[in-house]
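Chain residues, written in single-letter form:
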Amino acid sequence: IMQDSLTNQVSALLGEAKELENNAYHHTTTSDNAKIHKQDQTTPPSWSMLEKSAAKYYQACFLMKGYMRENSSSNENPTPEEFAQTKESYTNDIEHYEKHAKSLLD
């Protein structure tokens, strides 16, 4: 996978994951909102949306890990310096998004 293509795929997955996550917490209808405000309660998030969101986060992490595996021994495209930068960035992103995905499922 070329890095630009991978970046686009990862960005798309993370965008979809975030949208699902937001929708999970804001899935109530207008009438539900009126009832909630009257009763001063909150509606639990949509668990199926949270599961789908977590799956998208994990899928993005899987793609980033695959890129690092495929390019860890390459001396060409990307250059070792570029790969080192990308690896550091992806490692931080993977750690962040895997923890976040796990928290959605807890």
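What you see is a predicted model; the values in this text were computed from it and never measured. (Residues numbered from 1 in each chain as written. Predicted model: local features only at pLDDT ≥ 70, side-chain atom pairs only at ≥ 80, totals over all residues. Heavy atoms only, no water.)

Enquirer: Would you mind showing me how to read the pattern of salt bridges here?
Expert: Under the definition given, this model contains 4 salt bridges. Put simply, Glu16 and Lys56 hold a salt bridge, and the shortest N to O gap is 2.7 Å. Of this pair, Glu16 sits in helix 1 (residues 3–25) while Lys56 sits in helix 3 (residues 47–71), and the two are 40 residues apart along the sequence. Residue Glu16 is classed as partly exposed on the basis of its relative accessible area of 35%. Where Lys65 meets Glu98, a salt bridge forms, and the shortest distance between an N and an O atom there is 2.7 Å. (Salt bridge = Lys/Arg side-chain N within 4 Å of Asp/Glu carboxyl O. Helix = DSSP H or I, 4+ residues; strand = E, 2+ residues; numbered from the N terminus. Buried < 20%, exposed > 50% of the residue type's maximum accessible area, 1.4 Å probe, protein only.)

Enquirer: Looking at this structure, I do not really get the packing of aromatic side chains. What am I missing?
Expert: Geometrically, a pair of aromatic rings is defined through the distance of the ring centres and the angle of the planes. In the structure shown here, the tally under the stated rule is 3 aromatic pairs. When the ring of Tyr57 is compared with that of Tyr97, the centres are 5.5 Å apart and the planes differ by 10°; the resulting orientation is stacked. Taken as a pair, Tyr57 in helix 3 and Tyr97 in helix 4 (residues 80–105) lie far apart in primary sequence, 40 residues in all. In this structure Tyr97 comes out as partly exposed when scored by relative accessible area, which is 21%. With a centroid separation of 5.7 Å and an interplanar angle of 75°, the aromatic rings of Tyr67 and Tyr90 are classed as edge-to-face. Of this pair, Tyr67 sits in helix 3 while Tyr90 sits in helix 4, and the two are 23 residues apart along the sequence. Comparing Tyr67 with Tyr90 shows no difference in burial state: the two are buried. (Phe/Tyr/Trp six-rings, centres within 6.5 Å; stacked < 30°, edge-to-face > 60°.)

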